[in-house]
Amino acid sequence: MTDTRLAIVVLAAGQGTRMKSATPKLLHEIAGLPLIGHVLATAGQLDAAHTVSVVRHERDRVVAVIEDHFPGSIIVDQDEIPGTGRAVEQAVAALPADFDGDVLVVSGDVPLLDSDTLTELIAAHRAGGAAATLLSALPEDSTGYGRIVRTADGMLDRIVEQKDASDSELAIREINAGVYVFGLAELRDQLAQVTTANAQGEKYLTDVIGLLRRAGSDVAAVPVAEPWIVAGVNDRAQLSEAAAKLNALIVRGWQLNGVTIVDPATTWIDLKASLAADVEILPGTQIKGATSIARGATVGPDTTLVDCEIGEDAVVKRTDATLAVIGARASVGPFAYLRPNTVLDADGKIGTFVETKNSHIGVGSKVPHLSYIGDTEVGTGSNVGAGTITANYDGVNKHRTVVGSHARTGSHNVFVAPVRIGDGAYTGAGTVVRKDVPAGSLAINVAPQRNLAGWVEENRPGSAAATAASAATTEASASTTAAAQSAGESGE
Ligand code: UD1
Ligand code: CA
């Protein structure tokens, strides 16, 4: 049910300088979602009456992602005055005039923040009656965060930013998580008082806390259960730390749901993936996008699946696959490369050093070794010989190859598309199939083999090959003589 007394402000205007990236900080991904996507998903669970996202740096790219993850968000463009305080000031100005509730402020760079923590914060704010309630934490290392300064009697007094802090303030371990609930009127009044007179020349939202205290209002802090929940991502080291923490949570969640994950440290699972009970994931495996893996399947080691569907009891080993559908009990790899729109039906096989693309391999059909199969349809129960290449591209257009059911094609074939090989047809080893092969025919077009006797000794005299050949010829004639003699003897 919509919380009519709640508005959420998501801060997404900052430059993210510390990432040193051409990509806006909040568009960097962990677990398959951009940082801002995580925060918007969490915000969405609160069902607030209004959600405002503040943008500026690379605004069009950031807005596109916000609209993707939270279509209902109001977008506010921050002006040239920098700072989180200015961002909130402009967000608040964009709220409907009749709104008079609480304002929850979250940064776009705290991807691990969950909705339970926010719900507790809002409840604490509403129960406590303070003008502002913020989340605090005691991380191992407080470097970079705003420190919470308390009075001698322990009252929360103000927040000092890292760059403005004295040595004694830098020693404070309690930090501001950057997540707050404010009463709207008090917030609006105090934001008007905030200046840019500080080390960074920015309007700090954190100054509102000290100003509220000076005005005689109460400010409360709610400690988070564990510091990682509010870990902010400012640089790439923190990005990988947040990714590892989230991944550990995702892996553990699937383990508790009955999935065997042999090595959590080298297994990466995106948030959108889904795994059934009794799936087994071997080390070095990445399960990305909306991949789904059915009961009993084994995936890995060293496998990357992007938006794939893996059937029950399938085995996928040392494989790279994108947008592929693997049927029940099918087997893939080791060392297979499945490109988009590969469909392998139940009990089929795509084996070692095989690349496939835009191809459908029917029930029980096999492409076991060293092949490229593109734009191809294979029926059921067929075997495509080792080293088969579909020549699907004539330099201008792509063409389809069709192999029927129960066909047996020979090793080292080229199927020059468009071409059809009928049901139950065979092709000889080394065939270049340029014409359709009717059902039940054997196609062969390799020239008869000629052996030019003595060619090496004549043309490469004195070479190691010639010496070996001459030794072999002598040996052969000696054994022929011996055989003739023994045949003569026994003939007696
Ligand atoms: C901020 C807090 C700090 C807190 C920390 C928690 C301030 C002044 N400091 O510091 O006390 O400990 O978060 O993680 O608030 N943004 C805008 N407009 C701007 C500047 C930033 O929208 O003009 C956005 C950023 O995109 C980001 C968020 O605000 O999502 C926080 O900005 P950031 O620069 O990361 O602040 P911190 O230095 O981490
Ligand atoms: Ca930050």
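Residues numbered from 1 in each chain as written. Chains lettered and ligands numbered in written order. Predicted model: local features only at pLDDT ≥ 70, side-chain atom pairs only at ≥ 80, totals over all residues. Heavy atoms only, no water.

Q: Quick question: what am I supposed to make of the coordination of the calcium ion (ligand 2) here?
A: Tetrahedral coordination by four donors sets the ideal angle at the metal to 109.5 degrees; octahedral coordination by six donors sets it to 90 or 180 degrees. The protein atoms that coordinate the calcium ion (ligand 2) are Asp-109 (OD) and Asn-234 (OD1), at distances spanning 2.2 to 2.4 Å. Separated by 125 residues along the polypeptide, Asp-109 in the loop between β6 (102–107) and α4 (115–128) and Asn-234 in the loop between β11 (219–223) and α8 (236–256) bring together distant segments of the chain. (Donors = N, O, S within 2.8 Å, 3.2 Å for Na, K, Ca; no water. Helix = DSSP H or I, 4+ residues; strand = E, 2+ residues; numbered from the N terminus.)

Q: When you look at the site of ligand 1 in this model, what are you seeing that I'm missing?
A: Around ligand 1 there are 23 residues in total, and Gly-83, Thr-84, Gly-146, Glu-161 and Asn-176 lie nearest to it. For ligand 1, an oxygen atom lies 2.6 Å from a polar atom in the backbone of Asn-176. Mapped by element, the contributors of at least two residues to the shell around ligand 1 are β1 (3–12), α3 (84–93) and β10 (175–183). Considering every element that reaches the shell around ligand 1, the biggest residue donor is β10, with three residues. Here the residues of the shell around ligand 1 sort into eight nonpolar, eleven polar and four charged. (Near = heavy atom within 4 Å. Polar contact = N/O pair within 3.5 Å; in protein donor to acceptor, adjacent residues only side chain to side chain. Nonpolar A, V, L, I, M, F, W, Y, C, P; charged D, E, K, R; others polar.)

Q: Even after reading the chapter, I still don't get the domain arrangement of the protein, so can you show me in this structure?
A: Many structure descriptions define interface size as the accessible area lost when the parts assemble. Assigned domains of the protein: these are domain 1 (3–230), domain 2 (236–443) and domain 3 (455–484). Averaged C-alpha coordinates put domain 2 and domain 3 at centres separated by 48 Å. (Domains from an automatic or database assignment.)

Q: Is there a simple way to think about the packing of α3 against helix α6 (residues 184–191) in this case?
A: Describing two packed helices takes the angle between their axes plus the distance from one axis to the other. Taken N-terminus to C-terminus, the directions of α3 and α6 make an angle of 130°; their axes are 10 Å apart at the nearest point. With respect to α6, the element α3 is oriented oblique. Where α3 crosses over α6, the two elements pack in a sense that is left-handed. Between α3 and α6, the residues in contact are Gly-85, Val-88, Glu-89 and Val-92 and Leu-184, Leu-187, Arg-188 and Leu-191, respectively. When grouped by side-chain class, the residues that make up the contact of α3 with α6 number five nonpolar, one polar and two charged. (Axes fitted to C-alpha atoms, helices over the stretch in contact; angles between N-to-C directions. Parallel < 35°, antiparallel > 145°, perpendicular 65-115°, else oblique. Left-handed = near helix turned anticlockwise from the far one by under 90°. Contact = heavy atoms within 4.5 Å.)

Q: Can you help me understand the packing of aromatic side chains in this one?
A: Here a ring pair, both rings aromatic, is described through the centre-centre distance and the interplanar angle of the planes. In the structure shown here, the tally under the stated rule is two aromatic pairs. Arranged with centres 5.4 Å apart and planes meeting at 25°, the rings of Tyr-180 and Phe-182 form a pair that is stacked. With respect to class, Tyr-180 is no different from Phe-182; both count as buried. When the ring of Phe-335 is compared with that of Phe-353, the centres are 5.3 Å apart and the planes differ by 5°; the resulting orientation is stacked. In this pair, Phe-335 is assigned in the loop between β24 (331–332) and β25 (336–338) and Phe-353 in strand β27 (residues 349–357), connecting sequence segments 18 residues apart. By relative accessible area, Phe-353 is classed as partly exposed at 49%. A cation over a ring is seen here: Lys-398 above Tyr-393, with NZ or CZ 5.1 Å from the ring centre. (Phe/Tyr/Trp six-rings, centres within 6.5 Å; stacked < 30°, edge-to-face > 60°. Buried < 20%, exposed > 50% of the residue type's maximum accessible area, 1.4 Å probe, protein only. Lys NZ or Arg CZ within 6 Å of the ring centre and 35° of its normal.)

Q: When you look at the sheet that holds strand β32 (residues 401–403) in this model, what are you seeing that I'm missing?
A: Within a sheet, adjacent strands bond to each other through the backbone by hydrogen bonds, running parallel or antiparallel. Taken in spatial order, the nine strands line up as β14-β17-β20-β23-β26-β28-β30-β32-β34 in an open sheet, and their pairing is parallel. Bordering the open sheet on either side are β14 (274–275) and β34 (419–421), each of which pairs with just one other strand. (Pairing = 2+ DSSP bridges.)

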